[in-house]
Amino acid sequence: MRKLFSWLRPPPGAEAASLYGALVGAARDPHWYREGKVPDTLDGRFGVLSTLVALAVLRLERGEEDAVRGSVALTEAFIADMDAQMREEGFDAGLGKQVRSMVGALAARVDRWRFAEEEEVDADQWREAARWSVFRDTQPDEGALTYVSEQLRRFAERIDGEPDANLLRGEL
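What counts and what doesn't
Residues numbered from 1 in each chain as written. Predicted model: local features only at pLDDT ≥ 70, side-chain atom pairs only at ≥ 80, totals over all residues. Heavy atoms only, no water. Axes fitted to C-alpha atoms, helices over the stretch in contact; angles between N-to-C directions. Helix = DSSP H or I, 4+ residues; strand = E, 2+ residues; numbered from the N terminus. Parallel < 35°, antiparallel > 145°, perpendicular 65-115°, else oblique. Left-handed = near helix turned anticlockwise from the far one by under 90°. Contact = heavy atoms within 4.5 Å. Nonpolar A, V, L, I, M, F, W, Y, C, P; charged D, E, K, R; others polar. Core = buried A, V, L, I, M, F, W, Y, C linked by side-chain atoms within 4.5 Å. Buried < 20%, exposed > 50% of the residue type's maximum accessible area, 1.4 Å probe, protein only. Polar contact = N/O pair within 3.5 Å; in protein donor to acceptor, adjacent residues only side chain to side chain.

For the rest of this paragraph, the subject is the packing of helix α2 (residues 42–61) against helix α3 (residues 65–88). Two elements in contact, α2 and α3, have axes whose closest approach is 7 Å; the angle formed by their N-to-C orientations is 160°. The orientation of α2 relative to α3 falls into the category roughly antiparallel. Read as a crossing pair, α2 and α3 show a hand that is left-handed. Contact residues: F46, L49, S50, V53, A56, V57, L60 and E61 in α2; A67, V68, G70, S71, L74, T75, F78 and M82 in α3. Each residue belonging to the contact of α2 with α3 can be placed in one class, and the counts come to eleven nonpolar, four polar and one charged.

Okay, structure coming up:
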């Protein structure tokens, strides 16, 4: 009987669709790839998107009850999108393993940024979190790393200042 009515529920992550859409839009902004010199590849775009999602998840976790629930919905929206993107790219074989890997990558970023957002963390630790989260195995030049690190700091400060309801509506 439960399955019979499952179509009445919104799909996973639907509650955070506006926020997720806004984060996707922010991750597509050309400044990451021009001024920040993030490689305009699947890995580079994934690095930017998953980093912005991780920062938004952490912000929502610090909010009221609806925001905390929104952090779960945002994660579900990310998973659903990654699943859809992988299917679109033709990764049907081993899809579950690939999506689990992407979810693990998001969780690792959430953990890394949780530490980087602590008040006693210095600028070098923040920069290292930015390098690890966005560039992963490539070593960006200093100017690119400084740019990306500062843009992520501004993004985190901006969403910290937003009321929960605005953030959940995708008003970045």
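Now for the environment of L55. For L55, the position within the fold is in helix α2. Between the C-alpha atom of L55 and that of E117, which follows or precedes it by 62 residues, the distance is 9.2 Å. Filtering out sequence-adjacent residues up to four positions away, L55 remains in contact with W113, E117, L152, F155 and I159.

Glancing now at the nonpolar core. Membership of the largest hydrophobic core comes to 45 residues, with the highest contact counts inside it found for Y20, L23, V53, L74, W113 and L152. Looking at which element gives the most residues to this core, the answer is α2, with eleven residues. Apart from the residues within four sequence positions on either side, V53 is in contact with Y20, L23, L74, F78 and L106.

When you line up the elements, H31 lands in the loop between α1 (17–28) and α2. Here H31 falls in the buried class, since its relative accessible area comes to 14%. A polar contact of 2.8 Å, which involves the side chain of H31, links it to the side chain of Y147. In this structure, H31 is in contact with G36, Y147 and Q151, ignoring residues within four places of it in sequence.

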